[in-house]
Amino acid sequence: MRKSLPPKPRSWVVTGGSRGFGRAIAEHAAAKGDRVAILARNGNVEAVAREIGDTVVGIRADITRPDELRAAAERLAADWGHIDVLVNNAGLHRGGLVDQIAEEDWQAVLSTNLSGPFGMIRAVLPHMGAGGSIVNVGAVVGFRGFPGDSAYGASKAGLAGLTQVLAVELARRQIRVNLVVPGFVSTEMTAGIDEKARKKLHQRIPMRREGRPEEIAEVVWWVAGSTYMTGSVITTDGGLSCAL
Ligand code: NAP
């Protein structure tokens, strides 16, 4: 039975790898010598992959479409032989108080942030052997109440539950499953927050600043390769969740 990660280069699948954390995670893994597939819906994903490097491939796939995820995983397994690391990073934020959020926004957030990782894991598992590693990207608001985040918070809390169940289910196959939990990080997802709200958020973060995508990527890299860590929740939030 293999107890450590497969030898290098490892093969990574990073959902939502076209920008934000996903891109930073792909860049980090590629810089360390691994090969990476980044998945996203928009056409620029192939160009982003080329920008990152020769060992990176971009695939257009919608995380809410299990058929597209299966096709992507099968293509990668045919090219690489196996998939070693899956990072479930693609995510969607839509806010609104519970009596105001549109039903379709609730569904879109749950489909993307919870059913998406479930579908991706099912697509990848047939091609992942002992030593495989799954890193899910959660959020502080999956553990702490933030008004207006009913859909987003519920989806990320669900992902935390999925992480723990699968850590136990997949341990017998020597596949590890962990959850990295960022706080407030500068990306396109948070770009729309106005200056006043942003300043208020900074006041709630003990380190008094937003995180950078590279800071999350470094943690994901380390978690992906930690051979005795499974079912863990790794918070990376400048102290935000301690102070809420
Ligand atoms: P982002 O800049 O908005 O990037 C989201 C990525 O997900 C993009 O590559 C996007 O590409 C992809 N994506 C969205 N919907 C998709 C779908 N249906 N199918 C395939 N790909 C899809 O977000 P981010 O800030 O980097 O966030 C990355 C992850 O961290 C998310 O799970 C988010 O919830 C989580 N997070 C973020 C923060 C933060 O402060 N930024 C904090 C905590 C947790 P396409 O649009 O081309 O599909």
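Described below are features of the structure shown in this document. Residue positions are given per chain, counting from 1 as you read along its sequence in written order. Restriction of local features to residues with pLDDT of at least 70 applies here, the model being predicted, together with a cutoff of 80 or more for giving and counting side-chain atom pairs; totals for whole chains, interfaces and linings are based on all residues. Values shown for side chains rest on all heavy atoms present in the structure; no hydrogens or waters enter the calculation.

1. As for the sheet that holds strand S7 (residues 233–236)
(1) Moving on: Two strands pair under a simple rule: DSSP has to find at least two bridges between them. Note on conventions: DSSP H or I runs of at least 4 residues are helices, E runs of at least 2 residues are strands, and numbering of each starts at the N terminus. Pairing in this open sheet of seven strands is parallel, and the strands run S3-S2-S1-S4-S5-S6-S7 from one edge to the other. Looking at which strands have only one partner, the edges of the open sheet turn out to be strand S3 (56–60) and S7. Strand-to-strand twist of the sheet, defined as the mean angle between neighbouring strand axes without regard to direction, takes the value 20°.
(2) Moving on: Two strands pair when backbone bridges link them, and strand S4 (residues 85–88) and strand S5 (residues 133–137) are joined in this way by four bridges, in the parallel orientation. Its bridge partner being in S5, Val87 is matched across the sheet by Val135.
(3) Moving on: Its contacts with the sheet put helix H4 (residues 103–124) on strand S1 (11–15), strand S2 (35–40), S4 and S5, and the angle it makes with S4 is roughly 170°. Lines are fitted to the C-alpha atoms to define the axes, a helix being fitted only along its stretch in contact, and any angle between axes, read from their N-to-C directions, falls within 0 to 180 degrees. By the convention used here, residues are in contact when the closest approach between their heavy atoms is within 4.5 Å.

2. Brief notes about the pattern of salt bridges
(1) Moving on: The term salt bridge refers to a side-chain nitrogen of Lys or Arg lying within 4 Å of a carboxyl oxygen of Asp or Glu. This model, assessed by the stated rule, comprises twelve salt bridges.
(2) Moving on: The salt bridge involving Arg23 is made with Glu51; its shortest N-O contact spans 2.9 Å. A residue pair is termed long-range when its members are at least 10 positions apart, and Arg23 in helix H1 (residues 20–31) and Glu51 in helix H2 (residues 45–52) qualify at 28 residues.
(3) Moving on: Here's how the labels work: a residue is buried when its accessible area is under 20% of the maximum for its type, exposed when over 50%, partly exposed in between, all with a 1.4 Å probe on protein chains only. Residue classification places Arg23 among the partly exposed residues on the basis of a relative accessible area of 21%.
(4) Moving on: A salt bridge links Arg212 to Glu215, with the shortest nitrogen-to-oxygen separation between them at 3.2 Å.
(5) Moving on: With relative accessibility at 42%, the residue Arg212 sits in the partly exposed group.

This is a description of form; function is not addressed.
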